[in-house]
Amino acid sequence: MSKRDAFLEAACREKVEDFLHFIQLHKDKAEPFDVEEVVQEMPRNQRLTLWGKLGSLLQDVLQELPPERWAQGGEEGMEVESATHVMAVVDGVTLVADVSIKVLEDGDAYNALLEIIHRLHNVLVSLPVSEAPLQLHIHTLCEAWWKKGLKEKEQFGRTAFLISLQKSFTLKKPVSNCPRVWSLHDVLLSLDYTSEENKQIIDLLLQCFHRPNYIRNDDGKRFLVFLFSWNVDFIIIIHGTIKNQLEFYNKTMTTHIMEIYFRAWKKASGDFLEKIESSCIQDFMQNAIFLPRASPVHAKVRQIVSYFHSRKGCNKLDKMLCNLYKPILWKALSVPNFEVRANATLLFTEAFPVHDPEQNNKNIDEAIQKQLDTSLLDDPHPTVRCNAILGVCKILSKCWELLPPTIVTDFLKKLVMELASDSSSPDVRCSVFKCLTIVLDNSLSHPLLERLLPTLKYSLHDNSEKVRIVFLDMLIKVKAVRAAKFWDVCNMDHLLARLAIDSHPVSKRVVDLLFKSFFPVNEAEREWCSRCITLIQMNPMAARKFYQHVHRHTAPTNIIKMMLAIRRAVNSCIQTDCDVSEINDGNKENSEVRHMAVVSSLLEIVVILWRSVEKALKLNKEAQKYTFAKFGNVMSKYFQDERCTVPLIQLASRLSHPAPSCGVLSRLRRMDSGAVPTQYGQLLDCMCSWGLAADILELITDWLTEALPKQGDNTKRKVRIQETVEAKPDLALAYLEYLFSHTLAREKVLALGPQPLKQLHTVLGNWRSVLYAHFSSSAEDPKGPGVETALKVFMHHGRLGAHLQHSSSEGRHYLLSLEDVAAWVAERVLPFLAKRTNEDEEEDEEEEKFQSLAAQITEVSSIITNVNIKLRKANLHVEKRPPKALIEPKEICVGSSQAQEDATTVVLGVVANIFQKIIELLARRLKKEPEEGERLCQSAVPSLAGFLQVAQAWDKAPLSGVFSTLFAVVVVEKRHLLQKITHPEEVITPESVEDMPPLSSILLSVILKSSSLTRAFLTEVSSSFDSEAISSLNELAAVLHVLAVIFGIRAVKTNLCIPFCYRVIYESSVKTLNEILDL
C-alpha cells in the first residue's frame, strides 16, 4: 500500500492513532515522510475524500470534548489525557488543512476544506490562552486562507488580523509581529468602520499610535501611514490620539511621528488629502502659533511643523503651506500677544518664502518683497526681535545669492549697527552674535561682514556675561571660516584684558581664540617660550589665566616640554656671570627674561602648568622622575628675589623638596594674628607635602602652651625657628583649623602618630581652666587669653578627641575625655549659666559671652551624642569625610567594641539635660531681648539640626525626651500667645512657620526640613494625645495650629506622606474643639 493510500485510510476515527503517527513522522526531521508531498501527489478525488474524512474526524473529537472543557481539566483524571489526545488530533487536521491550501488549484472544489476551516475557526475563537502552539497553527491557517483569496476569506482574515494585532501588544518581542500585521493590512478595507462589531479593532488600531514598536519599526510605520487612508472620519480620531500622547513622546519618537504625518499626506488624495491638511497639518500650525512656550507640547508641535518646512522645494508642498498659512499666519504676526507674534515669526522665517508656485513670476516676486518688508526686527518685545534676528540670519544664509544686494546690506547693517547694541535687552544682543554665525556659514557673506564686524569690538566688554560669551563664539567662528582676521575685529589688548579679569566661561573662549598665537605647537620649543615671555610682558594676569587652560588644547608631553623650556630660560638668566652687554642677538631669549618680574611670572606659569599635568606625571613614573631631577637640582639657585618666593614654594611642594622649609616655618611664625587662610594655606600645604607636619604641630603646641596663664615652672621645648616671636594662640588655632579642614593636610597630621597629637590634646584640655576663669571673674585680664580664644580651644579639644579616638585602634582614652567634657559642662558651666541668666543686671560684654557659649555647647552636645551612638555598634568602621569633616562634627563617627551601655545612658542623660537647659536659656533670651535672642537662635540652627538628627536616630531613653521638650516648648509658647488674645479678630490660623511665635518658628523650621524629624515630632504629638497631656482649650488650639502648619507645608512638599493616624488626630482634635466650643 502506498503512503498516500495509507495516510488516506488512517484519516478516520477508527484509525486515529495511525493518523497521529503519520503526523508525528512528518514532524520528525529524520523521517522521510512529508504530509505536503503526500497531499500534493493525491488526485482531486482523493483530496476531496481526505477532506471529508478529516471533517468527520474533527467533528467527532470536538463533540466528544469541546474546547471549552480543555482548560477545565474535568473531575476525572482520564479527561486530561482525552484533552491532550483531542488537541493532537486538531493540530494534525490543522497541519493537513494548511498544506491543502498550498496545493489548491484553480477549479478545485473545496467545500469540505471550507467546513474544516470553519470548525477550526470556532476552535480558535474559544481556545484557551494556555494552548499557544495550537492557536498559532490555526491562526496561520486563517492567514493563509485570506492571502489565498478563497471563499469567505473576510471572516478568517478578520480573525487573523485581530489576533495578530493583539499579539503585537502582548508578546515579549512585539516587533517581530509588526510585519505580520502589515501583511494583513488589506483586511481593513473589507471591514465596516461604522459597525459595532469592529469597535474592538478600532480601539486596538488607536493603541498602535502609543506603541514604540509600531512607531519606530519600518513595517509598523507603513501600517500607521496606511491607517490614514482607511476612513476619512478615522483621521480625526488618529490625530486626537496622537495629540493626547504628544506630551509623552521624546524627541526621537516625535521625529518618527512627523515622518508618519508627512508620508500620509504625500500618499493621500481627494477627501483624505483635504482632511489631513485641514484637520491635522493646519491644526499643528495653529498650535505652534498659539500655544505658550511653557506648554510641554509646544516644542513637539514646532518640531512636526518644521519637518514640513524642511521639505520645501516641491510645488505640491509649497502650495499646501501657502494655502494653510494664509488664513492664520499673517494675522498672528500683528496680534497684541507677544508670544503669539514670536511663535508666528519663527514659523514665517522657517517657511520663507511662503508663495503659491502656480502663480506667475511677477506675483511671486511681489509676494516675497512684501514678506521681506515685514518690520519684525523693530517689534517692541525683545522675544519677537530675537526670533526675527534668527529668521533673518537663516534667510540670508540660505538665500544670499537670490536676494538683492541692497536688501542683504540693509539687513546686516540693521543687525550690526542697531540690534547688536540694543540696550533694552541683552537677549537681543546675544541673538545677533549667535545668529551671525549662521550667516558666516555662507562664504558669500564674508567680504561684507569683514567690513561690518569691526564695529562690534566693544561688545567684548558688554556688561552681560552671556553676551560676551556669544561674541567670543562668533569670533571663534570668524577665525574658523577665515571670514576675517579676528584681531581686526577685536584687538589683542582688549582680548587679553578680558582674559585677565573675566569668568571661566569667557576666559576659556579667549584661550580657544588665542591658543595657536601664544602656543604654536608646530614651532620649536624656544618659540613657545618666547611667545610666553611676550604674553607676560603684554599682560601678566592674562598669561596666568591663559596657561590654566592650555591643557585642554595640547598633550601633557607638550606642556612638560614647555616647563623645561622655561627652566632653561630662567637658568640662563640667573647665571652669575651673565652680563646683558654680552648677550647677542642669537641669545635674544635671555635678554627678554632679565627682569625678575618676568622670571617670577615664568615660575608662576611653571607651577600652573605643573598642576595641569600632575595626574599625567603620576601615571608616567619615568617622566615624573626626570622632571623632578631637572627642577630639583636648580631650586636653590632660584631663591634670589622676594617676588619669586611664592611660586618657588609651590613648586617645591610639588617636588617634595624641603630646602626652603626653614624659611617657610619662619614665615609662618612671623605671620600676623589676623592672617587669612589665603596667606598661610599654601605654606601649610607645602610643609605637609615635605613631611614636616610635625614642625607645624610643635609650633601650634608651643604657642598654645606659652599663652596659658603660668602655673609654676614651664619648660619650653625647642622648635626649629630662626627668631623668637611672641605666642599667638589665635593664629595657632587658625593653623589647626586649616590642617583639620583639608583632607590631604589632615591625613598628614593624623599620620604623625599618637605622641605629638596626644601632647597637643593635653594642652588643649588645659585651656578649660581659662574658660572657667572667665565665668568666675567679672573682670577680664587684658594680658590673658580672651574668651573667644578659650571657646575655640574648647571646641578644638572636643573635635581632636573625636579624631584621635577614630584613629585609635585600642582603648577608650579619648572617648572618656569626651565624656569628661560632657560631665564638666553639666556640672560646672550650665548651673553657672542659669545663675547668670537670672540676674537682673548684666553687662553687654558678658551677655555676648554667654550667647557664644550656648551655641558652642550645642555643637559639643552633637559630638558627644554621635560618639555614644556609635559606641553601641561594635567595630563600626569610620568613613573618610570631605574637607569639612572637622567643621561639621556631627559627621564624625567613632566606634568601639568596648562600649558599656550604662556609661552610655549616663552620658546621654547629661546630653538631654544640657539640651533642655539650652532651650530654656534661648526662651529666656527671646523674652528679655527679642532681637539678640533671635540672633542667638539663628546661630544655633545648624548645630541644632545635626543634634536632632542624632536624637531621632536614637530609639531609647534618655534622648527620646528631646522631642518631648520640643513639643512642650512649642505648645507652651503658642498657648501663652493665645492667652493674650482679647478679641475674636485676633485669632489667626497660621499657614507657615513664619506665623508661629519666634522660638516655635525656628524649631519648626528645623524640624520640617527633614521628613524623619517631622515623623518623630508627629509621633510625640500622638503620644501626648494618648497620655491626655493636652488638658485645656488653649493647649488644644495650640496643637491644632502646629498641625495646621505641618500639614500646610507638607501639602506643598510632597516628599512626605502623612500617616493616616495623624490625619485622624487632626480631625478628632477639630471635633473635640467644636464640642468644647458648643458647651
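Residues numbered from 1 in each chain as written. Predicted model: local features only at pLDDT ≥ 70, side-chain atom pairs only at ≥ 80, totals over all residues. Heavy atoms only, no water.

Participant: Describe the overall build of the protein, with residues and values.
Facilitator: When its secondary structure is counted, the protein shows 54 helices and zero strands. Residues classed as buried in the protein amount to 51% of the 1079 residues present. Across the protein, contacts joining residues at least 24 apart in sequence account for 72% of those joining residues at least 6 apart. (Helix = DSSP H or I, 4+ residues; strand = E, 2+ residues; numbered from the N terminus. Buried < 20%, exposed > 50% of the residue type's maximum accessible area, 1.4 Å probe, protein only. Contact = heavy atoms within 4.5 Å.)

Participant: For the side chain of Q303, give the residues involved together with the corresponding values.
Facilitator: In this structure, Q303 sits in helix α16 (residues 298-310). The class for Q303 is buried, based on a relative accessible area of 17%. A polar contact of 3.0 Å, which involves the side chain of Q303, links it to the side chain of T255. With near-sequence residues (within four places) excluded, Q303 lies in contact with K251, T254, T255 and M258. (Polar contact = N/O pair within 3.5 Å; in protein donor to acceptor, adjacent residues only side chain to side chain.)

Participant: Break down the packing of aromatic side chains for me, with residues and values.
Facilitator: A full pass over the atoms with the stated rule returns 33 aromatic pairs. When the centroid spacing of 6.1 Å and the interplanar angle of 40° are considered together, the rings of Y214 and F223 count as tilted. Residue class for Y214 comes out buried when judged on its relative accessible area of 0%. Considering the side-chain rings of F515 and F519, the 5.4 Å spacing of their centres and the 15° angle between planes classify their relative orientation as stacked. (Phe/Tyr/Trp six-rings, centres within 6.5 Å; stacked < 30°, edge-to-face > 60°.)

Participant: Before we move on, could you go through the nonpolar core and cite the residues and values that matter?
Facilitator: Counting residues in each nonpolar core, the largest one holds 230 residues, and the members touching the most others are W70, F223, F228, F546 and Y547. Among the elements that take part in this core, helix α5 (residues 78-103) stands out by supplying 12 residues, more than any other. Of all hydrophobic cores here, the second largest spans 51 residues; its members include M671, L684, A707 and A790. (Core = buried A, V, L, I, M, F, W, Y, C linked by side-chain atoms within 4.5 Å.)

Participant: Now, about the pattern of salt bridges: what can you tell me, with residues and values included?
Facilitator: Scanning the entire structure with this criterion turns up 28 salt bridges. One salt bridge connects E259 with K221, and the closest N-O pair in it is separated by 3.3 Å. Placement of the pair is E259 in helix α14 (residues 251-267) and K221 in helix α12 (residues 218-227), with a sequence separation of 38 residues. You can call K221 buried: its relative accessible area is 4%. In this structure, R924 engages E920 in a salt bridge whose closest nitrogen and oxygen atoms are separated by 3.9 Å. Here R924 pairs with E920, and both are found in helix α48 (residues 901-928), just four residues apart, close to one helical turn. We classify R924 as partly exposed; its relative accessible area is 33%. Within the structure, one salt-bridge network assembled from shared partners comprises E143, K147 and R180. (Salt bridge = Lys/Arg side-chain N within 4 Å of Asp/Glu carboxyl O.)

Participant: So what about the packing of helix α15 (residues 270-290) against helix α19 (residues 338-351)? Which residues, and what values?
Facilitator: If you want to describe how two helices pack, look at the angle between their axes and the distance between the axes. Interaxial distance between α15 and α19 falls to 7 Å at its minimum, and their mutual angle equals 130°. With respect to α19, the element α15 is oriented oblique. Touching M285, A288, I289 and F290 of α15 are E339, V340, N343, A344 and L347, all from α19. (Axes fitted to C-alpha atoms, helices over the stretch in contact; angles between N-to-C directions. Parallel < 35°, antiparallel > 145°, perpendicular 65-115°, else oblique.)

Participant: Tell me about helix α40 (residues 693-707), and please be specific about residues and values.
Facilitator: Taking 1.5 Å per residue as the helical rise, α40 with its 15 residues ought to reach 21 Å, and the 21 Å between its terminal C-alpha atoms agrees with that figure. When you tally the buried positions in α40, you get 11 out of 15 residues, the bulk of the element. Residues of α40 that are buried: A693, D695, I696, L697, L699, I700, T701, D702, W703, L704 and A707. (Expected span 1.5 Å × (residues − 1).)

Participant: Lay out the packing of helix α28 (residues 504-518) against helix α29 (residues 525-538) with the relevant residues and their values.
Facilitator: Across the interface, α28 lies against α29 with an axial gap of 9 Å and an inter-helix angle of 125°. As summarised for this structure, α28 and α29 are arranged oblique, according to the angle between their axes. Each of K516, S517 and F518 in α28 lies in contact with α29, whose residues at this interface are W528, R531, L535 and M538.

Participant: Could you give an account of helix α23 (residues 426-440), with specific residues and numbers?
Facilitator: Here α23 is 15 residues long and its end C-alpha atoms lie 22 Å apart, about the 21 Å a rise of 1.5 Å per residue gives. Taken across its 15 residues, α23 has 11 buried, putting it largely inside the fold. Buried residues in α23 make contact with α21 (382-399), α22 (405-418), α24 (446-452) and α25 (465-481). Where α23 starts, the residue carrying a side-chain oxygen 3.3 Å from the main-chain nitrogen of D427 turns out to be S425.

Participant: Talk me through the side chain of S1010; I want residue IDs and the actual numbers.
Facilitator: Residue placement: S1010 occurs in the loop between α51 (998-1007) and α52 (1011-1026). Separated by 2.9 Å, the side chains of S1010 and S1012 make a polar contact.

Participant: Please give an account of the environment of I289 that cites residues and values.
Facilitator: By the secondary structure assignment, I289 is in helix α15. Placed 40 residues apart in sequence, I289 and L329 show a C-alpha to C-alpha distance of 8.1 Å. In this view, I289 contacts I328, L329, A332, E339, V340, N343, A344 and L347; residues no more than four positions away in its chain are not counted.

Participant: Give a description of the confidence of the model for the protein that names residues and reports values.
Facilitator: Do not read the predicted coordinates in detail wherever pLDDT is low. Residues at a pLDDT of 70 or more form 78% of the protein, whose mean pLDDT is 78. Scored below 50 in pLDDT, residues 576-594 shows 29 contacts in the model against residues more than four places distant or in partner chains. (pLDDT = per-residue confidence, 0-100.)

Participant: Can you explain unusual backbone geometry? Please cite residues and give values.
Facilitator: Backbone torsion omega between F352 and P353 reads -10°, so that peptide bond is classified as cis. Summarising the element assignment, P353 is placed in the loop between α19 and α20 (361-372). The phi dihedral of E152 is positive, around 55°, even though this residue is not glycine. Relative to the assigned elements, E152 resides in the loop between α7 (132-148) and α8 (153-170). The backbone of R482 sits at a positive phi, close to 55°, despite the residue not being glycine. Note on placement: R482 falls in the loop between α25 and α26 (486-489). In this structure R482 comes out as exposed when scored by relative accessible area, which is 75%.

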